[in-house]
Amino acid sequence: MTYCPPRRSAGTIEHTRVKQPWPEGRPFKILSIDGGGIRGVFPAAFLAEIEQRFLGGGSIGNHFDMIAGTSTGGIIALALAKGMSAREALKIYEARGARIFPRLSVLGRLWRCLSWTRRPKHDQSVLMNELLEVFGEGLMDDARCRLVIPSFEGRHGEPFLYKTPHHPDYQKDRHKRLAHVALHTTAAPTYFSGVADDGHVMLDGGLWANNPVMNAVVDVLACYEVRREDIRVLSLGTGSESFSVTDRVRRGGIFHWVMLRAFKAASRAQSLNALGQAFLLLGKRNVLRVDAPEAAKPIALDDVQRSLTELPALARSMADATGRHVWEVFLQDKVEPFVKCPLSSS
């Protein structure tokens, strides 16, 4: 008989979180990074530009109290929490992207498209090896910043959030390896296999939280004695695409909707809804959204060549437009060192 682990939700603590103290008037600064495959080049390059212009190349991770990231955004979040700079995170894409998403010959691409109907498009073992080289034996317990990393558990069909032990109630994930968390949040269906993990099946967090901004905001409000007006959010996208339902699609069936169109609609709606909720809850002036402009011809999640060619220039342009504001709101001071909550003695 195949072992079936209990639902993660089965162990959910039912009482409200006992709020941890937070200095009155001190801003709580959140960095939130969307999913988007190799298009993670954009947020990594944007943050690297900000580091170079305003921080002398020092890690921007030292200026945020919490970092949330889904899928490729999770890789960047984990890298920053490990102590890497955004420039070093960008090098992950530059040096490893072509190995994770290899460019094939014309015949190779044709064969891959045909086989894609029956198996994942890319070899997950390659991704795993690259992540192990980046994160080594590091654990969530080693993170230098609070983390919120969405994934999705497929055995029971439930949202799954990995969190550092920044609250006494958060102890389940502290000994999870960073590389494994990165693999779980990036296991995008059809691109990579779901990850078997002690009876669970872990899938890409983008299935339900491609934009994790509200995962972070809700966690802060639940865990800390901080006024919502004192929360500041820098939310980074990975490049959006225009979307509309044509009259043909409106009347269409499965042929018109199944080939990623429905997923794209859901992902876009989730992101816009999460941003709208954050604007409503915190005040629009406290949430800065930076994203590449909408593209009529979007960059595919695994198009390494276009991502590395086009996105760094867009990131520099967005840094020109928003860099001073980012500096004024988020980078004036480093945050206080992150102190992890100890294991309960009970």
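Right above here is the structure, for reference.
Residues numbered from 1 in each chain as written. Predicted model: local features only at pLDDT ≥ 70, side-chain atom pairs only at ≥ 80, totals over all residues. Heavy atoms only, no water.

Peer 1: I'd like a rundown of the environment of N62, residues and numbers included.
Peer 2: Of note, N62 is situated in the loop between α1 (41-54) and β2 (66-69). Overall, the relative accessible area of 36% leaves N62 in the partly exposed class. A C-alpha to C-alpha distance of 9.2 Å links N62 and S85, two positions 23 residues apart in sequence. Beyond its immediate stretch of four places on either side in the chain, N62 contacts K334 and V335. (Helix = DSSP H or I, 4+ residues; strand = E, 2+ residues; numbered from the N terminus. Buried < 20%, exposed > 50% of the residue type's maximum accessible area, 1.4 Å probe, protein only. Contact = heavy atoms within 4.5 Å.)

Peer 1: Now, about helix α5 (residues 124-135): what can you tell me, with residues and values included?
Peer 2: Between its first and last C-alpha atoms α5 spans 16 Å; for twelve residues at 1.5 Å apiece the expected length is 16 Å, and the two agree. What α5 keeps buried is the set Q124, L127, M128, E130, L131, V134 and F135. Within α5, the buried residues cover an arc of 165 degrees as seen down the axis, which keeps them to one side. Contact partners of the buried residues in α5: α2 (72-82), α3 (86-100), α6 (178-185) and β5 (195-197). Positive backbone phi, approximately 55 degrees, marks G136, located one or two places after α5. (Expected span 1.5 Å × (residues − 1). Arc of directions from axis to C-beta.)

Peer 1: Talk me through the nonpolar core; I want residue IDs and the actual numbers.
Peer 2: Of all hydrophobic cores here, the largest spans 67 residues; its most connected members are L31, F46, L47, L78, F135, L147 and L234. With eight residues, the top contributor of residues to this core is α1. Filtering out sequence-adjacent residues up to four positions away, L147 remains in contact with I67, A77, L78, A81, M140, Y162, K163, T164 and H166. Grouped together as the second largest cluster of nonpolar side chains are 22 residues, F28, V148, I231 and A278 included. (Core = buried A, V, L, I, M, F, W, Y, C linked by side-chain atoms within 4.5 Å.)

Peer 1: Break down the layout of surface pockets for me, with residues and values.
Peer 2: Here the second largest pocket is characterised by a volume of approximately 510 Å³. When grouped by side-chain class, the residues that make up the lining of the second largest pocket number seven nonpolar, five polar and seven charged. (1 Å grid on protein atoms, 1.4 Å probe; cavity = no way out; pocket = protein on both sides within 12 Å on 5 of 7 lines; lining within 4 Å. Points joined across faces, edges and corners; volume = space filled by probe spheres on them. Nonpolar A, V, L, I, M, F, W, Y, C, P; charged D, E, K, R; others polar.)

Peer 1: Can you explain α1? Please cite residues and give values.
Peer 2: With 14 residues, α1 should reach 20 Å at 1.5 Å per residue; the first-to-last C-alpha distance of 20 Å fits that figure. In terms of burial, α1 is largely enclosed, as eleven of its 14 residues are buried. Buried within α1 are the following residues: V41, F42, P43, A44, A45, F46, L47, A48, E49, I50 and E51. As for α1, its buried residues are in contact with β1 (28-33), α2, α3, β7 (231-236), β8 (287-290) and α12 (304-330). At the C-terminal side of α1, G56 shows a positive phi close to 60 degrees.

Peer 1: Which residues make up the pattern of salt bridges, and what values do they have?
Peer 2: Between side chains of opposite charge, a pair can form when the charged atoms approach closely. Taken as a whole and assessed by the stated rule, the structure comprises 19 salt bridges. Between R53 and E49 there is a salt bridge, with the nearest N and O atoms lying 3.1 Å from each other. Highlighted residues: R53 and E49, both in helix α1, separated by four residues, approximately one helical turn. Assessed through its relative accessible area of 10%, E49 is described here as buried. What you see here is one network of salt bridges that share partners, running through R96, R99, E130 and E133. (Salt bridge = Lys/Arg side-chain N within 4 Å of Asp/Glu carboxyl O.)

Peer 1: Please give an account of the packing of α5 against α6 that cites residues and values.
Peer 2: Contact pair α5 / α6: the axes reach a minimum separation of 8 Å and the direction vectors enclose 145 degrees. For the crossing formed where α5 meets α6, the hand is right-handed. In contact with Q124, L127, M128, L131, L132 and F135 of α5, α6 contributes L178, A179, H180, A182 and L183. When its residues are assigned to classes, the contact of α5 with α6 shows nine nonpolar, two polar and no charged. (Axes fitted to C-alpha atoms, helices over the stretch in contact; angles between N-to-C directions. Left-handed = near helix turned anticlockwise from the far one by under 90°.)

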